[in-house]
Amino acid sequence: MGVLGGSGYVGGELIRLLLSHPEADLVFASSSRFKDEYVFRAHPNLRGLTQLKFTDESSIASSTPDVDLVFSALPHGESVKHLPSLVQTGVKIVDLSADFRLKDPAAYPKWYGYTHPHPELLERFVLSIPELNREEVGGVSLASSPGCMAIATILGVAPLLLSKSLKIDAGRIVVDLKVGSSGSGGRPSLATHFSERFGVVRAYKPVGHRHTAEIEQELSKFTNDGVKAYLSAHSVNMVRGILATIHLFVGDAVEPLEVWRAYRSAYTGKRFIRLVRDRKGVFRYPDPKLVIGSNYADIGFELEPGGGRIVVLVAIDNLVKGAAGNALQTMNIMLGLDEWLGLESAPLHPV
Amino acid sequence: MEAVCSECEAKISVPDDAIVGEIVECAECGTEHEVAGITEVGVTLKKAEAVKEDWGE
């Protein structure tokens with residue numbers, strides 16, 4: 001395996017997971033910023049685990065890499081510069097940027113501020129959420145991994161749209177997101193400076209978040225009704241994790257069993273999904289604190305007394321199920337390996 | 001013995017030596033059930049009365 005863009009937080013998580021994967025060998029990791037430096041200079045948690053040095057991505061993208069699969073954790077707008085030549089080589093690719101997630105070329109100027117230079121490739125990359133489209137992912141050689149907020153939202157909402165008994169208003173999906181600081185990436189700015197970041201509950205994108213596009217695109221596959229999602233994203237005082245609080249509006253009163261059935265119908269046997277709606281203990285609903293370091297997505301719900309609203313709660317580690325873990329799960333499927341290989345570790349607690 | 005949780009429809013494992021009145025808990029949703037009857041066909045449960053968290057203070 002190889003990793004393009006290996007020095008960021010997502011790249012670091014990919015390398016960490018690949019180093020302990022029983023069937024994977026990490027052949028290269030690239031970084032223009034850390035070229036010729038040891039991987040553990042960018043990711044000090046990996047000291048002693050690898051002596052690999054970063055290479056420059058331009059040299060890899062221009063040759064045929066001797067690997068089965070390449071991950072790209074390059075930033076949006078950069079992946080699209082390097083991957084088209086790799087596609088020509090026939091190597092399998094899992095891209096973690098947004099550059100191949102959206103299928104409508106017109107969406108790129110609107111949401112990402114650039115005109116897509118290779119619209120002919122967009123349909124060839126399957127947006128991979130294995131819990132929802134495993135069969136499709138198994139047959140492709142090019143995949144994209146969704147954004148962290150998108151995957152949390154899609155996993156929480158899709159089963160309820162599929163339910164025949166629940167009449168969800170797909171045109172009014174309201175999503176409140178609380179995100180840890182690692183979601184901002186590894187490059188510092190004034191906004192991420194400790195004195196400015198510590199202790200915040202900062203509404204950094206109350207409307208118009210980019211992940212709206214992929215959420216609406218993917219959820220439209222689960223209903224014939226027009227999907228409209230309204231996202232509000234907040235930076236909160238944690239390093240990892242996302243909690244998505246999703247407000248779904250329904251006309252009729254809903255029984256808890258209908259919601260349980262919808263989730264069980266979609267997720268029974270899906271190892272990384274845990275349904276959390278407990279009557280006991282401190283953690284009765286999903287909490288990012290209980291998924292840190294793991295590929296689990298915890299999903300729970302509560303019903304508005306008297307009807308009208310379902311509140312869905314989804315917690316993931318933004319760097320694992322929200323990025324590197326989902327990508328590694330995708331790799332396992334694309335290579336015909338057990339889906340959970342290298343991803344079996346339990347979440348840390350306490351953190 | 002196995003029973004089904006009336007709250008979430010998860011399977012509940014009931015010990016073979018359970019007796020009527022015994023409390024069993026759903027591992028999935030935490031709901032407590034009281035063993036209401038045991039026959040050769042199986043076990044029937046009813047929701048156990050929950051202790052309220054509001055102590056009247």
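As the structure is a computational prediction, the values presented were derived from the model and not from experiment.

A. Region of the structure containing the overall build of chain B. The helix and strand inventory of chain B stands at zero helices and five strands. Counting from the amino terminus, helix and strand elements in chain B follow one another as β-β-β-β-β. Within chain B, the fraction of its 57 residues that count as buried is 32%. Of the contacts made within chain B by residues no fewer than 6 positions apart, 17% connect residues no fewer than 24 positions apart.

B. Local environment of the environment of Ala18(B). Residues and elements named next belong to chain B. Relative to the elements of secondary structure, Ala-18 occurs in the loop between strand S2 (11-13) and strand S3 (23-25). Sequence-wise, Ala-18 and Gly-37 are 19 residues apart; in three dimensions their C-alpha atoms are separated by 10.0 Å. Leave out the neighbours within four places in its chain, and Ala-18 touches Met-1 and Ile-38.

C. Structural detail: the domain arrangement of chain A. All names here are of chain A. You can read the domains of chain A as domain 1 (2-124) and domain 2 (149-316). The distance between the C-alpha centroids of domain 1 and domain 2 comes to 27 Å. Taken together, the 10 residues of domain 1 in the interface contact 14 residues of domain 2. Between domain 1 and domain 2 we count two salt bridges in total. Residue Arg-240 pairs with Glu-13 through a salt bridge whose shortest N-O separation is 3.0 Å. Taken together, domain 1 and domain 2 are joined by five residue pairs in polar contact (both at pLDDT 80 or more).

D. Structural view of the nonpolar core. Residue and element names in this part refer to chain A. Within the largest apolar cluster, 60 residues are counted, with the highest numbers of intra-cluster contacts made by Leu-160, Leu-219 and Ile-310. Top element by residues in this core is helix H7 (residues 148-162). It accounts for 11 residues. Each residue touching Leu-219, except ones within four places of it in the same chain, is listed here: Ile-154, Val-157, Ala-158, Leu-161, Ile-173 and Val-227. Counting residues in hydrophobic clusters, the runner-up holds 33 residues, among them Leu-14, Leu-17, Leu-18 and Leu-69.

E. How the structure looks around the layout of surface pockets. All names here are of chain A. Of the pockets and cavities examined, the largest pocket occupies roughly 1,400 Å³. Every residue lining the largest pocket is counted, 47 residues in all, and those nearest its centre are Pro-75, His-76, Gly-183, Ser-184 and Gly-185. Mapped onto the lining of the largest pocket, the elements with two or more residues apiece are helix H1 (9-19), H7, strand S8 (202-205) and helix H11 (320-334). Across the lining of the largest pocket, the residue classes tally to 15 nonpolar, 23 polar and nine charged. Looking at which domains feed residues into the lining of the largest pocket, each of domain 1 (2-124) and domain 2 (149-316) gives three or more. In terms of lining residues, the second largest pocket is bounded by 23 residues, among which Tyr-9, Ser-181, Ser-182, Gly-185 and Val-239 are the most central. Elements with a contribution of two residues or more to the lining of the second largest pocket: H1 and helix H8 (194-197). The greatest single-element share of the lining of the second largest pocket, amounting to four residues, is contributed by H1. Residue composition of the lining of the second largest pocket, by class: nine nonpolar, nine polar and five charged. Here the lining of the second largest pocket spans two domains, since at least three of its residues come from each of domain 1 (2-124) and domain 2 (149-316).

F. How the structure looks around the sheet that holds strand S2 (residues 28-29) of chain A. All names here are of chain A. As summarised here, the arrangement of the six strands in space is S2-S1-S3-S4-S6-S5, forming an open sheet in which the pairing is parallel. The outermost strands of the open sheet, each flanked by one partner alone, are S2 and strand S5 (126-127). Bridge count for S5 against strand S6 (residues 142-144) is two bridges, and the pairing is parallel. Across the sheet, residue Val-126 finds its bridge partner in S6, namely Ala-143.

G. Layout of the pattern of salt bridges. This structure, assessed with the given rule, holds 22 salt bridges over all chains. The closest approach of N and O atoms between Glu28(B) and Arg264(A), which form a salt bridge, is 3.5 Å. One end of the pair, Glu28(B), is in the loop between S3 and strand S4 (32-38); the other, Arg264(A), is in helix H10 (residues 256-267), on a second chain. Since its relative accessible area comes to 30%, Glu28(B) is described here as partly exposed. In this structure, Glu7(B) engages Arg277(A) in a salt bridge whose closest nitrogen and oxygen atoms are separated by 3.4 Å. Of this pair, Glu7(B) sits in the loop between strand S1 (2-4) and S2 while Arg277(A) sits in the loop between strand S11 (273-275) and strand S12 (297-303), which puts the two residues in different chains. Residue class for Glu7(B) comes out buried when judged on its relative accessible area of 10%. A single salt-bridge network, built from bridges that share partners, covers Arg277(A), Arg279(A), Glu302(A), Glu7(B) and Lys47(B).

Procedures and definitions
- Residues numbered from 1 in each chain as written.
- Chains lettered and ligands numbered in written order.
- Predicted model: local features only at pLDDT ≥ 70, side-chain atom pairs only at ≥ 80, totals over all residues.
- Heavy atoms only, no water.
- Helix = DSSP H or I, 4+ residues; strand = E, 2+ residues; numbered from the N terminus.
- Buried < 20%, exposed > 50% of the residue type's maximum accessible area, 1.4 Å probe, protein only.
- Contact = heavy atoms within 4.5 Å.
- Domains from an automatic or database assignment.
- Salt bridge = Lys/Arg side-chain N within 4 Å of Asp/Glu carboxyl O.
- Polar contact = N/O pair within 3.5 Å; in protein donor to acceptor, adjacent residues only side chain to side chain.
- Core = buried A, V, L, I, M, F, W, Y, C linked by side-chain atoms within 4.5 Å.
- 1 Å grid on protein atoms, 1.4 Å probe; cavity = no way out; pocket = protein on both sides within 12 Å on 5 of 7 lines; lining within 4 Å.
- Points joined across faces, edges and corners; volume = space filled by probe spheres on them.
- Nonpolar A, V, L, I, M, F, W, Y, C, P; charged D, E, K, R; others polar.
- Pairing = 2+ DSSP bridges.

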